[in-house]
Amino acid sequence: MEKRDTLSKNTKWLILLVIFIIILAIATFGIWTVRYAPSKERMSIKEYYGISGDQAALFINGKRIKQDGDKPVAQLKDGHFYIALSTLKSKLDDGYVYDSTEQILRYTTDSEVISVNRDDAFYTSGRSQEDMDEKIVITGGSDRTFVALDFVKKFTDVTVKTAKKPNRVVIEKAGYKKKVTELKRDTEARRFGGPKSKILADLKKGTQATVVESYGRWDKIMTADGIEGCVTSSSLDTIKSRTVKKSLPERKYNHITMKDKVNMLWHQVTNRTANSSVDRVLSNAKGINVISPTWFRLADNEGGLTDIASLSYVKTAHNAGVQVWGLVSNFEDKSVDTTTVLNMTSSRDNLVNNLIAKAIAYDLDGINVDFEQVQTAAKDGYAEFIRELSLKCENNDLVLSVDNYPPTASSTHYSRKVQANYADYCIVMAYDEHYSTSDPGSNASIGFVKDAVKNSLKEIPKSRLVLGMPFYAKLWTTKDDTTTMKTIGMKSISSYLKQYNVQETWDDDLGQNYAEFSNDGAKIQLWAEDEKTLALKLEVMKSNGLAGGAFWKEGLEDNSVWDLIGNYMK
């Protein structure tokens, strides 16, 4: 009897133990499931992309371009995909220039100017017209301008793939280097790396994809049709490198250049009567092969010009074997808004056409653009002005040269890379190192000149970069805590210092003679320009293999400098 009771008790304990183990196993499995089992929870890919309605997700070179609030970066309209102009310019091609006032889009290649009016289903190039199946430029409800991707593909070297449900666009630029693979098995794309993340899409074996990022055992991928998500690294086949091939012909920018180095003298002409001095100027400036008279100025906001040019001046220069590049400037008439002229299509067209007409009428060899203090707001208009003027200059056998400040962060909107493609010569004005509003200092120290050249060469080839050098210095007067500045010509410096019995001191670091003295309670400072300082600047031109030199301005130089300049132009 006791034996049976003992067995019964053992059986009960055994049963309880089994039940406990089962409960423990169930609990452990539950805990494991909660913590480690892959989640089956899903998230709409449309919600993940943050798009709604006709909006489209946009991928450029493997990266998703996120919307700015409710402002779409791409959209589907009337069956065609469009990209926001601001995104197109910032991410793909800055060459698209839109005039929001006249609602005209311009794009200039190496040989033609493309023009589109908003809501038109065609574009023009010269006198020819090309029809398309959709409106090329439209505006959206977010007040954004959009451009048809079918149009973009004609001029910007990209491959474009699109898909719907949800709407998405995949763009890859020619030259983009990517890591590609394909799925070895069916798998799930998740929002983040890890099995607990929400599922975005089910992907099939063999799906082609680009690897965007790697997170250890997980990789973020993007399929060829624009599905983004994270998958396990083990689900991917071998990852290979691939470069997107070019689909458009290489652009060829033509340039009209001189066989010899450019030896250019700026000739400041303020009225027609002053043109009569050209014989004297050419007689003094021995060896120059280009003269640039200041003949044309912006006259109004419609692209009109004031004109004090002279055909006899040009004939005299040509008889002396000297080219004439008429200078156009923008800063004399304060009532003219340069930004309006450059940004408004009709005004810019008028300006370009007026310049070409003047050049033909006066038998000019070239045009020298000297637009200063251009505002950042005119960045697009200025670049397009150079492009469009360049093509018309080329068609009329005219040299286009453009004057530039030394490169700084505040002058990037002058678009020197655009100039390098389209202008025949770019001139860096390596002077005005210190302004009237700055502390006293040199007009063009040798370090400043070297930096101007070095930084310009980052964007402009040396074969078409001309070094602008000064024939003047700046004289600083400080009295009663007030400093004023005026310019003094190179030829006047020696006599000025003799007048006050002042001796100069050479400064090796600046590459200039320095003079300082007191007069009538005022402190006078002068960083001189002379043959020695000019020789150092010419050496910078020569050692960098530049296209030549330009000198501001006629009448301020010692006549003796022309022999020096001639030696460096050989």
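The paragraphs below set out a description of the structure included in this document. Because the structure is predicted, anything quoted here is derived from the model rather than measured.

## Points about the overall build of the protein
Looking only at helices and strands, the protein features 14 helices and 34 strands. Structurally, the protein occupies a C-alpha span of about 140 × 60 × 45 Å along its principal axes. Among the 570 residues that make up the protein, the fraction classed as buried is 49%. Per element, the accessible surface of the protein, about 28,000 Å² overall, is 48% carbon and sulfur.

## Notes on the packing of helix α13 (residues 531-543) against helix α14 (residues 561-568)
Running from amino to carboxyl end, α13 crosses α14 at an angle of 15 degrees, the nearest separation of the two axes being 10 Å. By the criterion of interaxial angle, the relationship of α13 to α14 is roughly parallel. Once α13 is placed against α14, the crossing between them reads as right-handed. Side by side, α13 and α14 meet where E531, L534, A535, L538, E539, M541 and K542 of the first sit next to V561, L564, I565 and Y568 of the second. Looking at the contact of α13 with α14, its residues break down into 8 nonpolar, no polar and 3 charged.

## What about the pattern of salt bridges?
Per the counting criterion, the structure on display carries 30 salt bridges. Among the ionic pairs, R297 bridges to E332, the shortest N-O distance being 3.9 Å. Note that R297 is positioned in strand β22 (residues 290-298) and E332 in the loop between β24 (323-329) and α7 (338-343), a separation of 35 residues in sequence. In this structure R297 comes out as partly exposed when scored by relative accessible area, which is 24%. Classification of E332 as partly exposed rests on a relative accessible area of 34%. Where K358 meets D307, a salt bridge forms, and the shortest distance between an N and an O atom there is 3.1 Å. Taken together, the positions of K358 in helix α8 (residues 345-361) and D307 in strand β23 (residues 305-307) put the pair 51 residues apart, joining distant regions of the chain. In this structure D307 comes out as buried when scored by relative accessible area, which is 16%. Ionic contacts of the salt-bridge type, sharing partners, join the residues K89, D94, K379 and D380 into one network.

## Some details on the side chain of N167
Mapped onto the fold, N167 is located in the loop between β12 (158-163) and β13 (168-173). For N167, a relative accessible area of 11% corresponds to the buried category. At 3.4 Å, the side chain of N167 forms a polar contact with the backbone oxygen of Q55.

## Describing the environment of E388
Mapped onto the secondary structure, E388 falls in helix α9 (residues 379-395). The class of E388 is buried, set by a relative accessible area of 5%. Put simply, E388 and D186 are 202 residues apart on the chain and 54 Å apart in space, counted from C-alpha to C-alpha. Setting aside anything within four residues of it in sequence, one finds E388 in contact with R106, T108, V113, R348, D349 and V352.

## Notes on the packing of aromatic side chains
How two aromatic rings sit relative to each other is given by the distance of their centres and the angle of their planes. Counted according to the given criterion, the structure contains 25 aromatic pairs. Members of the aromatic cluster, joined through ring pairs, are Y96, Y107, Y123, F151 and F155. It is K474 that lies over the ring of Y435; its NZ or CZ is 5.5 Å from the centre.

## Some words on the sheet that holds strand β9 (residues 128-131)
The strand order across the open sheet built from 5 strands is β5-β6-β7-β8-β9, with neighbouring strands paired in antiparallel fashion. The open sheet has two edge strands, β5 (97-99) and β9, and neither has a second partner. Across the sheet, the mean angle separating the axes of adjacent strands is 25 degrees when strand polarity is ignored. Sheet topology places strand β7 (residues 113-117) next to strand β8 (residues 122-125); 2 bridges connect them, and they run antiparallel. Directly across from I114, in β8, lies its bridge partner S125.

## Section: α8
The end-to-end C-alpha distance of α8, which contains 17 residues, comes to 24 Å, matching closely the 24 Å that a straight helix rising 1.5 Å per residue would cover. Residues T345, S347, R348, L351, V352, L355, I356 and A359 constitute the buried set of α8. At the exit of α8 stands D363, carrying a positive phi of roughly 55 degrees.

## Notes on the sheet that holds strand β2 (residues 63-64)
The strand order across the open sheet formed by 4 strands is β2-β1-β13-β12, and the pairing between neighbours is mixed. At either margin of the open sheet sits one strand with a lone partner, and together these are β2 and β12. Summarising the sheet, β12 and β13 pair through 6 bridges and their orientation is antiparallel. Bridge pairing in β13 links A163 to R168.

## Digging into the nonpolar core
Counting residues in hydrophobic clusters, the biggest one holds 93 residues, and the most contacted among them are W295, F371, F385, L389 and F551. If you tally residues by element for this core, the top one is α9, at 6 residues. With residues near it in sequence (within four places) discarded, F551 still touches N263, M264, L265, W266, M469, F471, L534, L538, W562, I565 and M569. Membership of the second largest hydrophobic core comes to 36 residues, among which are F81, L85, I136 and V147.

## A closer look at α14
Regarding α14, the residues found buried are V561, W562, L564, I565 and Y568. Projected down its long axis, α14 carries its buried residues within an arc of 155 degrees, all on one side. Taken together, the buried residues of α14 touch β21 (262-267), α5 (278-284), α12 (490-499), α13 and β34 (548-552).

## Topic: the pairing of β7
The pairing of strand β6 (residues 104-108) with β7 spans 5 bridges and is antiparallel. In the sheet register, T108 faces β7, and the bridge partner there is V113. Once β6 ends, the chain turns through 4 residues before running back antiparallel as β7. From the end of β7 to the start of β8, which pair antiparallel, there are 4 residues, and D119 there has a positive phi angle of about 75 degrees.

## What about unusual backbone geometry?
Residue P166 follows K165 across a cis peptide bond; omega there is 0 degrees. Considering the arrangement of structural elements, one finds P166 in the loop between β12 and β13. Phi is positive for K165, which is not a glycine, with a value near 55 degrees. Summarising the element assignment, K165 is placed in the loop between β12 and β13. Note on K165: relative accessible area 82%, which makes it exposed. For D520, which is not a glycine, the phi torsion comes out positive at approximately 55 degrees. Relative to the helices and strands, D520 resides in the loop between β32 (512-519) and β33 (522-527).

What counts and how
- Residues numbered from 1 in each chain as written.
- Predicted model: local features only at pLDDT ≥ 70, side-chain atom pairs only at ≥ 80, totals over all residues.
- Heavy atoms only, no water.
- Helix = DSSP H or I, 4+ residues; strand = E, 2+ residues; numbered from the N terminus.
- Buried < 20%, exposed > 50% of the residue type's maximum accessible area, 1.4 Å probe, protein only.
- Areas by Shrake-Rupley, 256 points an atom, 1.4 Å probe, with all protein chains shown as cover.
- Axes fitted to C-alpha atoms, helices over the stretch in contact; angles between N-to-C directions.
- Parallel < 35°, antiparallel > 145°, perpendicular 65-115°, else oblique.
- Left-handed = near helix turned anticlockwise from the far one by under 90°.
- Contact = heavy atoms within 4.5 Å.
- Nonpolar A, V, L, I, M, F, W, Y, C, P; charged D, E, K, R; others polar.
- Salt bridge = Lys/Arg side-chain N within 4 Å of Asp/Glu carboxyl O.
- Polar contact = N/O pair within 3.5 Å; in protein donor to acceptor, adjacent residues only side chain to side chain.
- Phe/Tyr/Trp six-rings, centres within 6.5 Å; stacked < 30°, edge-to-face > 60°.
- Lys NZ or Arg CZ within 6 Å of the ring centre and 35° of its normal.
- Pairing = 2+ DSSP bridges.
- Expected span 1.5 Å × (residues − 1).
- Core = buried A, V, L, I, M, F, W, Y, C linked by side-chain atoms within 4.5 Å.
- Arc of directions from axis to C-beta.

Remember that the coordinates give geometry; whether it matters functionally is a separate question.
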